[in-house]
Amino acid sequence: MKAADIRDKFLQFFESRGHTIVPSSSLIPGTDPTLLFTNSGMVQFKDVFTGKEKRAYTRATSAQRSVRAGGKHNDLENVGYTARHHTFFEMLGNFSFGDYFKKEAIHNAWELLTGTYQLPAEKLWVTVYHEDDEAYGIWKNEVGVPEQRIVRIGDNKGARYASDNFWQMADTGPCGPCTEIFYDHGPQVWGGPPGSPEEDGDRYIEIWNLVFMQFDRTTDGAMNPLPAPCVDTGMGLERIAAILQHVHSNYEIDLFQRLITAAAREITAQGHTVEHGNNSLKVIADHIRACAFLVVDGVIPGNEGRGFVLRRIVRRAIRHGYKLGCRAPFFNALVPDLVQEMGEAYPELAQAAQQVQRVLFQEERRFFETIENGMSILEAALAALPENGQLDGETAFKLHDTYGFPLDLTADVCRERSLSVDEVAFDAAMATPKNQARAQASSKCKPGCTTAGLKPRSRATSNWKFPKPPCWLFTCKAPKCTL
């Protein structure tokens, strides 16, 4: 079953059960300043769950574009090294806003997995919060899952409700237990069932999480029952596709295989051969999805905030292309292939394809102007290090400041060689020119301006030229200041 078919069948299943299909929201959270990017399906419904917003429906389903590559939700450094980490992924979800609750949510999930997707029931395990006797009883007595495949997960983080199977939106507010569904890949793969000492292995893979929001947690820790309990579920499309396509790695599913083939084509076009299973191709295939959809939603590569995260992802992809022999822009050429794969499900991608390709090409061209010199410096520094050595922070800073190498890109190169970076020294080196520039800039301001009135100025948008003015790093916010 192709990834596109899996997505469609999910949405159609819940639509047939009274759910409204809601389009994916932007990757830029419109009403949640606490998030850098939309990282799950429930983000666009957050105000509905808290009661701040009312909609014309009480049941919804969606395929939500999500990014986890910045802030506290960051999988960037793991991409290319594991079978299931991505910067961009699609979260399939169904939601109830004060309508149905545990019983219907559990029965729907089981029917979809074992009926529509035809997964063998004996391959599925479930977890419940250890105090949630209601969910346990539904799984055991109504669905018929054997006791040995229902695992109670306790409070393993030092306090009551501090559990992997107890979800909360924040320190206060809506929260509740969750039940997770796992797929057993079989004894040929190492790992133990959830809750066991070997649970971090790859044999038992979580595919779906059903969250039951039934409490309102107050500042004093009281758990008051919500007047209208809600359901929030999430299942990664890439994970369920790997299972349904009988492969172990997400990068082996049809969607990624086509993007990997496209990346290999661009490498070959520059005169180099590469094996289809090369990890760098996986990185490039993953990163084109995140970068393209971020540009679709209005993010432009820059030196701050979301723009800096986008720049990091683009330059990480370019470095992996460089590693395979590319010495000219190639990454942007994957956009038409991505449109072919995902444009039907997300028409906004097809509509913005030319703009996306222009933005990525410009960023590639800019970085290719400096990457060779930067890599030469990095290669020389790494060659002088002993086994398991550490790159000094000053060199890492020079690569960042002069050649546009984000720290995580340098760390990525080091990691491939079992080396590390002195990040403490890097941070100190970063702080020195900023503090100097802040002090010098403040002396140029008009009366009433202080260093507190200065904010970082992006190099990408500043019109500075060498020699740099003292305040090149900052733009003054004070009234009537000329800086």
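Just so it is clear, the model here is predicted, and its values are computed rather than measured.

Draft legend 1. Fine view of the overall build of the chain. Each helix and strand in the chain was counted, giving 14 helices and 15 strands. Counting over 483 residues, the chain shows a buried share of 54%. Within the chain, counting contacts between residues at least 6 apart in sequence, those at least 24 apart form 70% of the total.

Draft legend 2. Representation of the packing of aromatic side chains in the model. In this structure the tally under the stated criterion is 21 aromatic pairs. Note on Phe45 and Phe95: the rings are 4.7 Å apart at their centroids and 50 degrees apart in plane angle, and the pair reads as tilted. Linking Phe45 in the loop between strand 1 (20-21) and helix 2 (46-50) with Phe95 in strand 5 (residues 88-97), this pair joins segments that are 50 residues apart in sequence. Each member of the pair, Phe45 together with Phe95, is buried.

Draft legend 3. Highlighting empty space enclosed by the protein. Taken as a whole and assessed by the stated rule, the structure comprises one cavity of 30 Å³ or more. In this structure, the largest cavity spans a volume of roughly 30 Å³. What lines the largest cavity is simply Arg84, His185, Ile205, Arg239, Ala242, Ile243, His248 and Asn250.

Draft legend 4. The arrangement of the side chain of Arg316 in detail. For Arg316, the position within the fold is in helix 8 (residues 305-323). For Arg316, the contacting residues outside a window of four places in its chain are Leu76, Glu77, Val79, Tyr81, Val283, His287, Leu409 and Asp412.

Draft legend 5. Seen up close, the packing of helix 8 against helix 13 (residues 407-416). Running from N to C, helix 8 and helix 13 point in directions that differ by 35 degrees, and their axes come no closer than 10 Å. For helix 8 against helix 13, the interelement crossing comes out right-handed. Judged by residue contacts, Arg312, Arg315, Arg316, Arg319, His320 and Lys323 of helix 8 engage Asp408, Leu409, Asp412, Val413 and Glu416 from helix 13. In the contact of helix 8 with helix 13, the residues fall into two nonpolar, one polar and eight charged.

Draft legend 6. Up close: the environment of Arg59. Checked against the element boundaries, Arg59 lands in strand 2 (residues 59-67). Exposure remark for Arg59: the relative accessible area of 15% places this residue in the buried category. With sequence-adjacent residues up to four places away left out, Arg59 is seen in contact with Arg17, Gly18, His19, Thr20, Phe95, Phe97, Asp99, Tyr100 and Glu104. Only 2.9 Å separates the side chain of Arg59 from the side chain of Asp99, close enough to count as a polar contact. Only 3.2 Å separates the side chain of Arg59 from the side chain of Glu104, close enough to count as a polar contact.

Draft legend 7. Geometry of the packing of helix 11 (residues 353-383) against helix 13. Where helix 11 meets helix 13, the closest approach of the two axes is 12 Å, and the angle between their N-to-C directions is 45 degrees. In terms of orientation, helix 11 lies oblique with respect to helix 13. The two elements helix 11 and helix 13 cross, and the hand of that crossing is right-handed. Contacts between helix 11 and helix 13 involve Phe367, Leu378 and Leu382 from the former and Leu409, Thr410, Val413 and Cys414 from the latter.

Draft legend 8. Spatial organisation of the nonpolar core. Core analysis: the largest hydrophobic core is formed by 117 residues, its most contacted members being Leu113, Trp139, Ile207, Trp208 and Ile240. When residues no more than four places from it in sequence are discounted, the contact partners of Ile207 are Leu113, Leu119, Leu124, Ile181, Phe182, Tyr183, Gly234, Met235, Gly236, Ile240 and Ile243. The next biggest cluster of nonpolar side chains, apart from the first, holds 18 residues, and it includes Val22, Tyr57, Ala60 and Cys178.

Draft legend 9. How the structure looks around the pattern of salt bridges. Taken as a whole and assessed by the stated rule, the structure comprises 29 salt bridges. Notably, a salt bridge pairs Asp99 with Arg59, separated by 2.9 Å at the nearest N-O pair. Residue Asp99 is located in the loop between strand 5 and helix 3 (102-116), and its partner Arg59 is located in strand 2; the two are separated by 40 residues in the primary sequence. Residue Arg319 pairs with Glu416 through a salt bridge whose shortest N-O separation is 2.8 Å. With Arg319 in helix 8 and Glu416 in helix 13, the pair connects residues that are 97 residues apart, well separated along the chain. Given a relative accessible area of 29%, Glu416 falls into the partly exposed group. A network of salt bridges, in which partner residues are shared, links Arg316, Arg319, Lys323, Asp412 and Glu416.

Draft legend 10. Just the pairing of strand 11 (residues 223-236), in detail. With five bridges connecting them, strand 5 and strand 11 associate as antiparallel partners. For Met91, the partnering residue across the bridge sits in strand 11 and is Gly236. As paired elements, strand 10 (residues 204-217) and strand 11 share eight bridges and run antiparallel to each other. Within the sheet, the bridge partner assigned to Met213 lies in strand 11 and is Cys230. Where strand 10 folds back onto strand 11 in an antiparallel hairpin, the turn is made up of five residues, including Gly221, whose phi is positive at roughly 90 degrees.

The rules behind the values
Residues numbered from 1 in each chain as written. Predicted model: local features only at pLDDT ≥ 70, side-chain atom pairs only at ≥ 80, totals over all residues. Heavy atoms only, no water. Helix = DSSP H or I, 4+ residues; strand = E, 2+ residues; numbered from the N terminus. Buried < 20%, exposed > 50% of the residue type's maximum accessible area, 1.4 Å probe, protein only. Contact = heavy atoms within 4.5 Å. Phe/Tyr/Trp six-rings, centres within 6.5 Å; stacked < 30°, edge-to-face > 60°. 1 Å grid on protein atoms, 1.4 Å probe; cavity = no way out; pocket = protein on both sides within 12 Å on 5 of 7 lines; lining within 4 Å. Points joined across faces, edges and corners; volume = space filled by probe spheres on them. Axes fitted to C-alpha atoms, helices over the stretch in contact; angles between N-to-C directions. Left-handed = near helix turned anticlockwise from the far one by under 90°. Nonpolar A, V, L, I, M, F, W, Y, C, P; charged D, E, K, R; others polar. Polar contact = N/O pair within 3.5 Å; in protein donor to acceptor, adjacent residues only side chain to side chain. Parallel < 35°, antiparallel > 145°, perpendicular 65-115°, else oblique. Core = buried A, V, L, I, M, F, W, Y, C linked by side-chain atoms within 4.5 Å. Salt bridge = Lys/Arg side-chain N within 4 Å of Asp/Glu carboxyl O. Pairing = 2+ DSSP bridges.

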